[in-house]
Amino acid sequence: MMIDVSIVIVCMNNLKNLYPCLKSIKQHTSLTYECFVVAYLFTKENLKKVRNDFPWVKFIESNQIRGFSENNNLALRQAQGRYCFVLNDDTEMKMPVIDCLFNQIERLPERVAIISPKTVFGDGRLQSCGRPKLTYWKFLLGMFKLYNEGKDKSRYVNQNGVFQSYNIVGAAFLIKTDIFRRIGFFNERYFFCPEDIEVSTLLNKKGYEVYVDSDVVLYHYEGGSYKISKTRMATMPAGTMGSLLFYSGNSHLKRIITARIIKLQAFLKCQYWKRKVHHDGDNAAIMASAFRNVYDTICTEMTPKEIFIKYFN
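Reading guide: rules and limits
- Residues numbered from 1 in each chain as written.
- Predicted model: local features only at pLDDT ≥ 70, side-chain atom pairs only at ≥ 80, totals over all residues.
- Heavy atoms only, no water.
- Helix = DSSP H or I, 4+ residues; strand = E, 2+ residues; numbered from the N terminus.
- Rg over C-alpha atoms; globule rule 2.2 N^0.38 Å.
- Buried < 20%, exposed > 50% of the residue type's maximum accessible area, 1.4 Å probe, protein only.
- Contact = heavy atoms within 4.5 Å.
- Core = buried A, V, L, I, M, F, W, Y, C linked by side-chain atoms within 4.5 Å.
- Axes fitted to C-alpha atoms, helices over the stretch in contact; angles between N-to-C directions.
- Parallel < 35°, antiparallel > 145°, perpendicular 65-115°, else oblique.
- Left-handed = near helix turned anticlockwise from the far one by under 90°.
- Phe/Tyr/Trp six-rings, centres within 6.5 Å; stacked < 30°, edge-to-face > 60°.
- Lys NZ or Arg CZ within 6 Å of the ring centre and 35° of its normal.
- Arc of directions from axis to C-beta.

### Thoughts on the overall build of the protein
Scanning the protein for helices and strands turns up 11 helices and 10 strands. In terms of overall size, the protein behaves like a compact globule, its C-alpha atoms giving a radius of gyration of 19 Å where 313 residues would be expected to give roughly 20 Å. Each principal axis of the C-alpha atoms in the protein carries an extent, and together these give about 55 × 45 × 35 Å. Considering the protein as a whole, with its 313 residues, one finds that 55% of them fall into the buried category. The long-range fraction of contacts in the protein, counting pairs at least 24 apart against all pairs at least 6 apart in sequence, stands at 77%.

### Overview of the nonpolar core
Formed by 37 residues in total, the largest nonpolar core has its most connected members in Ile9 and Phe85. Looking at this core, the element that brings in the most residues is helix α1 (residues 15-28), giving 6 residues. In contact with isoleucine 9, not counting residues within four places along its chain, are Leu18, Cys21, Leu22, Ile25, Cys35, Phe36, Val37, Val38, Leu87, Asn88 and Asp89.

### Points about unusual backbone geometry
The amide bond that connects cysteine 193 to the next residue, proline 194, takes the cis arrangement and shows omega of 0 degrees. Secondary-structure assignment places proline 194 in the loop between α6 (177-182) and α7 (195-205). Of note in the backbone geometry, lysine 145 takes a positive phi value of approximately 60 degrees without being a glycine. One can find lysine 145 in the loop between α5 (136-143) and β8 (162-165). What makes lysine 145 exposed here is its relative accessible area of 69%. Look at asparagine 158: it is not a glycine, yet its phi comes out positive at around 55 degrees.

### Regarding the environment of glutamine 64
Within the secondary structure, glutamine 64 is located in the loop between β3 (57-62) and α3 (68-76). With 24 residues separating them along the chain, glutamine 64 and tyrosine 40 place their C-alpha atoms 8.0 Å apart. Not counting residues within four places of it along the chain, the set of residues in contact with glutamine 64 comprises Tyr40 and Leu41.

### Comments concerning the packing of α5 against helix α9 (residues 252-280)
Remark: α5 packs on α9, axes separated minimally by 11 Å, with the N-to-C direction vectors making an angle of 20 degrees. With respect to their mutual orientation, α5 and α9 come out roughly parallel. Seen from above, α5 lies across α9 with left-handed handedness. The segment α5 lies against α9, with Tyr136, Phe139, Leu140 and Met143 engaging Lys254, Thr258, Ile261, Ile262 and Gln265.

### Let's talk about the packing of aromatic side chains
For any pair of aromatic rings, geometry is given as the distance between the ring centres together with the angle between the planes. According to the stated counting rule, one finds 20 aromatic pairs in the structure shown. An angle of 65 degrees between the planes, with centres 5.6 Å apart, marks the rings of phenylalanine 68 and phenylalanine 186 as edge-to-face. With a gap of 118 residues between them, phenylalanine 68 in helix α3 and phenylalanine 186 in the loop between α6 and α7 connect regions that are remote in the sequence. Accessibility assignment for this pair places phenylalanine 68 and phenylalanine 186 in one class, buried. Aromatic pair phenylalanine 173 and phenylalanine 180: ring centres 6.2 Å apart, planes at 65 degrees, arrangement edge-to-face. A single burial state applies to phenylalanine 173 and to phenylalanine 180, both of which are buried. Of the aromatic side chains, those joined through ring pairs into one cluster are Phe68, Phe173, Phe180, Phe185 and Phe186. Above the plane of the ring of tyrosine 219 lies lysine 94, whose end atom (NZ or CZ) is 4.1 Å from the centre. Taking the ring centre of tyrosine 295 as reference, the NZ or CZ of lysine 263 above it sits at 3.8 Å.

### A word on helix α2 (residues 44-53)
Of the positions making up α2, those classed as buried are Asn46, Leu47 and Val50. Along α2, the residues classed as buried sweep out an arc of 100 degrees about the axis, all on the same side. The exposed residues of α2 that point more than 90 degrees off its buried face are Lys44, Glu45, Lys48 and Asn52. On its buried side, α2 packs onto α1, β2 (33-40) and β3.

Dropping the structure here:
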């Protein structure tokens, strides 16, 4: 009998995130599933502990530097379910999220490839309920604060019930495995972002559709702590380069122009955060370094992964 869903989670040695996530899956999921956790840069002690505590989970060790796309793909290539449910480790279910999404997409037209839940922060505030079509010009306007995705009035965003969206949030989405496999899963060119937008944009271009069920709610604890991780000094420049590559597409001119705009903004933001170090301490110092690293790399030919490796320690 074929498994209904393959659940795929990437966790970077963070048991505080992972334990509530896995416990909520076990508590709220009744359909047939397999669960993969890509144990990214785990200590031996933590890996032994989670294997003992969650014997029903298939752990995949990932001990080399890999981005979100590469790590997810390690598990996705082994997926046996009809659907894949890609999930962040800093999430928690308080209702049968996977069951509800599965039952809903089974009733939707064949051309629907993905369905996502509504995501909320830990205090219940809305994080995301659908995403609009994102273009180069919106990306450019966003750099000048002239476009805010969260305030987009598109028909793809913040509707009631089950509705068609355009882009997905990588934190949680259910996708038909055969379609995901056909496009090669996540594009590993992108290290941290915008691999989720790339997937849904590509599928839309191929004639597939993305849906959201606003009645299905998932808690996503992203940004729950005021303390900023030093990893930001590597993820920000890598992610910025990924966005530049995606939105510029095959246009060399767009890439040159946009890179120079980003470089100027990174310089100004670096100076801003430097001035706040006395007041905000480590957080401001990390942000200043992150923007300096964007400034130093955005006009180079380095890949997002090369940039991450350069600054990660």
